[in-house]
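Here is what each chain is made of, one letter per residue.
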Amino acid sequence: MKKIYTIILLYLSVISCQSTSEEKFPPLNEDEGLMKTTPVTVCEGVGKKGMNPYYNTRIPAAEVAKDGSLILLWQGRYDGEDRGVDHLLISRSTDEGKTWEQIPIFEDNNTDLGDNSLILDEVSGRLWAMAYVSGNSSQLIYYSDDNGTTWTKHEQLIKNKKGELLRMRGTTGITIKSDQKSFMLLPTITGKGKLAYMYCMCGEKDWKFLGEHDVLDYNEPTCVQIKNNDKESVCILNVSRMKNDEEFKRKSLAMINLSNLSIEWEPLNTTDDFFFKQTTCNQHLKRYSDISEESDTILYASTINGSGYNPSRYGGMVAYSVDEGNTWFHKDIVSTDIHFGYCSQVKLRDGTIGLFYETHNKKGNPVRYGSIHFIRYSLKWLTKE
């Protein structure tokens, strides 16, 4: 089934309209580029308390390394609870996701992790894996200079101007490349739930606080760079899950001045936006085409079924925009009888799209968030009329 939702974004206002049409999925035909693979299990829990095998596996955040390897950051959880003992791991694939090797990063049996984030320095190729330690006590930061094969701990704490630790929230960052500056940008939240950015200049290792939004109760933000005509600044579209369910605060624009890296925020009303108000689970935005290309394809993924702060999280959808987020088209990719939790997307070297998502496990006692699955699909499959 395909639904078309039109969201006209202006920098100071939002106009929304929508229409729908019925359609079946096109057949799986790789010769015509109409491909959607069956899911591959990347990592899996057993629904029983323990460490490796874990009770469940959670918080996927994915990138494609410079050598084309698929890199997935995730958590192995001892008892399946949000507050408990967690390990931080990498799954790495060199064959487009067919097979996976597991690389532990952090295996302390006394640490409760919050969410985690992964980011690729697109200039140097360095990968960064980060996690927030619950209780506002610390952060875990690791980097890899060999395409995710080995990881080195980075001793640094990133705080806002009030001294609050920034909290990683189950997403990936982006690399801003311009004639003036090139830097990595990672959306996080503060201890009070304000949307905040941290950044690091490409090729360097010193992460810094950039700025925060004055609106409370943001959670699990995702962002993507969109084109603007001002060469002195970059424009970032943010989408967040809102704890207090205030629809109009879920989406915002951030304008970052490249000369001094100052930031200004512009809230966007989402009262009529199907995409950005219908889920309170983690969502993921990903730019398919480079910001320097003429094409403007942006991808989006989230759960289908869910409203309120504790949604049921069943079924998954993917969407695309070819006009910098003004108009969106979407298709269901995982049926609504299958659990679909946190998700993350990547663009593979062959141009296909990889989607990671939390779902039920098949081994042991079946539980939600029991495993993380991986699906590949082509842009032609997604955009097929």
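The numbering scheme is per chain: residues are counted from 1 as the chain's sequence reads. At least 70 in pLDDT is required for a residue's local features to be given in this predicted model, at least 80 for side-chain atom pairs to be given and counted, and no such filter applies to totals for whole chains, interfaces and linings, which use all residues. Side-chain descriptors were evaluated using all non-hydrogen atoms of the structure, hydrogens and water having been removed beforehand.

1. Looking at the overall build of the chain
- The number of helices and strands found in the chain is two helices and 27 strands.
- Residue contacts are counted whenever heavy atoms from the two residues lie within 4.5 Å of one another. Restricting the contact set of the chain to residue pairs at least 6 apart, pairs at least 24 apart contribute 55%.
- Calculation of accessible area relied on Shrake-Rupley with a 1.4 Å probe; when residues are assessed, cover is drawn exclusively from the protein chains displayed. Put simply, the chain shows about 15,200 Å² of open surface, and 47% of that area lies on carbon and sulfur atoms. Think of it this way: any DSSP run of H or I at least four residues long counts as a helix, any run of E at least two long counts as a strand, and we number them from the N terminus.

2. Things to note about unusual backbone geometry
- Cis geometry marks the peptide bond from N52 to P53; its omega dihedral reads 20°.
- Of note, P53 is situated in the loop between β3 (40–44) and β4 (56–64).
- Of note in this structure, I59 is not a glycine but carries a positive phi near 60°.
- With a phi angle near 65°, Y369 is a residue other than glycine that sits in the positive phi range.
- Within the secondary structure layout, Y369 lies in the loop between β26 (353–359) and β27 (371–377).
- Accessibility here uses a 1.4 Å probe with only protein chains present; expressed as a share of the type maximum, an area under 20% marks a residue as buried, one over 50% as exposed, and anything in between as partly exposed. What makes Y369 buried here is its relative accessible area of 12%.

3. Observations concerning the packing of aromatic side chains
- In this analysis, rings of Phe, Tyr and Trp, with Trp reduced to its six-membered ring, are considered paired at centre separations within 6.5 Å, and the interplanar angle assigns stacked below 30 degrees, edge-to-face beyond 60, and tilted for intermediate values. A full pass over the atoms with the stated rule returns 12 aromatic pairs.
- With a centroid separation of 6.1 Å and 65° between ring planes, the pair formed by Y300 and W328 is classed as edge-to-face. Here Y300 is found in strand β22 (residues 298–305), whereas its partner W328 is found in strand β24 (residues 327–339), with 28 residues between them in sequence. Taken as a pair, Y300 and W328 share a single burial class, namely buried.
- On the numbers, 5.3 Å between centres and 65° between planes, the contact of Y377 with W381 is edge-to-face.
- For Y377, a relative accessible area of 0% puts it in the buried group.
- An aromatic cluster is present here, built from W100, F356 and F374 joined pairwise through their rings.

4. Focus: the pattern of salt bridges
- One speaks of a salt bridge when a side-chain nitrogen belonging to Lys or Arg is within 4 Å of a carboxyl oxygen belonging to Asp or Glu. Under the counting rule described, the total for this entry stands at 19 salt bridges.
- Across the pair D115 and R169 runs a salt bridge, and its minimum N-O distance is 3.6 Å. Of this pair, D115 sits in strand β8 (residues 113–120) while R169 is found in the loop between β11 (152–153) and β12 (171–172), placing the two residues 54 residues apart along the sequence. When sorted by exposure, D115 lands in the same class as R169, which is buried.
- Taken together, the shared-partner salt bridges connect R58, R77, D82, D86 and E358 into one network.

5. Focus: the sheet that holds strand β13 (residues 174–177)
- One open sheet holds the four strands; their spatial order is β13-β14-β15-β16, and the pairing between them is antiparallel. A strand with exactly one partner marks an edge of an open sheet, and here the two such strands are β13 and β16 (208–212). Recorded for the sheet is a direction-independent mean angle of 30° between the axes of neighbouring strands.
- Any two strands between which DSSP finds at least two bridges are classified as paired. With four bridges joining them, β13 and strand β14 (residues 182–189) adopt antiparallel strand pairing. For I174, the partnering residue across the bridge sits in β14 and is L185. To obtain each axis, a line is fitted to C-alpha atoms, and for helices this fit is confined to the stretch in contact; angles are then taken between N-to-C directions over 0 to 180 degrees.

6. A short note on the nonpolar core
- Ranked by size, the top nonpolar core spans 20 residues in total, and within it F183, L185, Y197, L210, I236, I256 and I263 carry the most contacts.
- Listed by contribution, the elements that provide at least two residues to this core are β13, β14, β15 (195–201), β17 (218–226), β18 (233–242), β19 (251–257) and β20 (263–268).
- Residues A61, I90, L113 and L140 belong to the second largest nonpolar core, which totals 19 residues. Definition of nonpolar core: a set of buried residues of the types Ala, Val, Leu, Ile, Met, Phe, Trp, Tyr and Cys, connected through side-chain atoms within 4.5 Å.

7. Observations regarding the sheet that holds β11
- Taken together, the five strands give an open sheet; going across it, the order is β11-β10-β9-β8-β12, and neighbouring strands pair in mixed fashion. Of all the strands in the sheet, the pair left with one neighbour each is β11 and β12.
- As defined by bridge partners, β8 adjoins strand β9 (residues 127–133) across six bridges and the pair is classed as antiparallel. Paired with L120 across the bridge in β9 is L127.

8. Side note on the pairing of strand β10 (residues 138–144)
- Burial analysis of β10 places six of its seven residues in the buried class, the great majority of the element.
- Inspection of the sheet shows β9 paired to β10 by seven bridges, in the antiparallel sense. By the bridge assignment, L127 is partnered in β10 with S144.
- Alignment of β10 against β11, held across two bridges, turns out to be antiparallel. Looking at β11, one finds that Y142 is bridged to K153.

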